[in-house]
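Each chain, written out:
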Amino acid sequence: MKKYVFFRCLVSALSLTASVAHTIAHADPAVPDYKLPNAQTLADTPEGDAIRRGKLLLSETKQKLPMYAGNGLNCSNCHLGIGTVPYASPWVGLAGVFPEYRARSGKLISLQERINDCFQRSLNGKALPYDSTEMNDMLSYMRWISAGLPIGSSVPGRGFVKIDAHLKPDLKHGEKIYTNQCAACHGVHGEGLSNQQGGYVFPPLWGKDAFNNGAGMARLYTAAAFVKQNMPLGQAGTLSAQDAVDVAAFFTQQDRPDFPDRVHDWPKGQKPVDAR
């Protein structure tokens, strides 16, 4: 049974990888359709080496950065297609919009700060030094996939789709959806599907190795927006907005690591209704 579940999930993952488009459409006619660069064209230069290393760090985060990643997750578990899939929190274009004001921080933050936010919250780990080789490698990859985009232009498809925050969750229905459509990959108890390198093929959604309660994905409507557009893997878009809210309510309310510093979030107001 376990082999069957693994094969079923792996087929879905391979299907998603194969379907990642190399063109990102823009709603703004002033920004032309943008083709993602081809890794095979990278030169054997210090810059090319940094880009390749950055891509690897973002896709094999736990294995390559165990001193900073506190759980078994990789950055690409949430930023699908290694940050290239629209409405799956892509990194395309981010290099040109930071520094950017972030209400959760209550200030203008750099892209380095944003990356460290993810390491401390989603990966339940530690911040990297801003001038470290690893940080510069990740920034190099993000800049590379954003090449040619105008500075200050936010690419359509950034972040997640919008979910109606007036939708009220039904936990029992959410549990049923999880059991029928999510547990095959994420585990009956939200434990995920691990690999032999100490990371996860499919990430845990709760428990000690999941994102902590300071992560954006721990928020009901943020998680629902991700689910609505991207899940179940290989069947994206098959859940209604209400279904997505229901199942997100089920898994976000499960036990997960605590992030004590979340008490300092939104220091200037604008706190969302689903903030933990």
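Residues numbered from 1 in each chain as written. Predicted model: local features only at pLDDT ≥ 70, side-chain atom pairs only at ≥ 80, totals over all residues. Heavy atoms only, no water.

Observations regarding the confidence of the model for the protein chain
Taken residue by residue, the protein chain gives an average pLDDT of 88. The fraction at 70 or more is 87%. This stretch, residues 1-8, has a pLDDT under 50; its non-local contacts, to residues over four places away or in other chains, come to four contacts. Overall, residues 10-32 carries pLDDT values under 50, and its contacts beyond four positions in sequence, including any with other chains, amount to 38 contacts. (pLDDT = per-residue confidence, 0-100. Contact = heavy atoms within 4.5 Å.)

Examining the packing of aromatic side chains
Scanning all chains against the criterion turns up six aromatic pairs. Seen in terms of ring centroids, Tyr141 and Trp144 are 6.1 Å apart; in terms of plane orientation they differ by 45°. Their pairing is tilted. Note that Tyr141 and Trp144 are positioned in helix α6 (residues 133-144) at a spacing of three residues, about one turn of the helix. Side by side, Tyr141 and Trp144 carry an identical accessibility label, which is buried. Summarising the aromatic geometry, the rings of Tyr178 and Trp206 are spaced 5.3 Å apart at their centres and angled 50° between planes, so their arrangement reads as tilted. Of this pair, Tyr178 sits in helix α7 (residues 171-186) while Trp206 sits in the loop between β6 (200-202) and α8 (220-230), and the two are 28 residues apart along the sequence. (Phe/Tyr/Trp six-rings, centres within 6.5 Å; stacked < 30°, edge-to-face > 60°. Helix = DSSP H or I, 4+ residues; strand = E, 2+ residues; numbered from the N terminus. Buried < 20%, exposed > 50% of the residue type's maximum accessible area, 1.4 Å probe, protein only.)

Some points on the packing of helix α5 (residues 111-120) against α6
Direction vectors running N to C along α5 and α6 enclose 110°, while the axes themselves pass 11 Å from each other. The pairing of α5 with α6 is recorded here as roughly perpendicular in orientation. Along the contact surface, α5 presents Leu111, Gln112, Ile115, Asn116 and Phe119, while α6 presents Met135, Met138, Leu139 and Met142. (Axes fitted to C-alpha atoms, helices over the stretch in contact; angles between N-to-C directions. Parallel < 35°, antiparallel > 145°, perpendicular 65-115°, else oblique.)

Details of α5
For an α-helix, the turn length of 3.6 residues means that residues three or four places apart are oriented alike. Of all 10 residues in α5, seven are buried, a share of seventy percent or more. Of the residues making up α5, those classed as buried are Leu111, Arg114, Ile115, Asn116, Asp117, Cys118 and Phe119. Against α3 (61-64), β3 (100-102), β4 (107-109) and α6 lie the buried residues of α5.

Topic: the pattern of salt bridges
For the coordinates displayed, the defined rule picks out 12 salt bridges. Here Glu60 and Lys64 are joined by a salt bridge, their closest N and O atoms 3.9 Å apart. Looking at Glu60, the relative accessible area reads 27%, which means it is partly exposed. Across the pair Asp209 and Lys208 runs a salt bridge whose closest N-O atoms are separated by 3.7 Å. Each of Arg104, Asp117, Arg121 and Asp265 takes part in one network of salt bridges that share partners. (Salt bridge = Lys/Arg side-chain N within 4 Å of Asp/Glu carboxyl O.)

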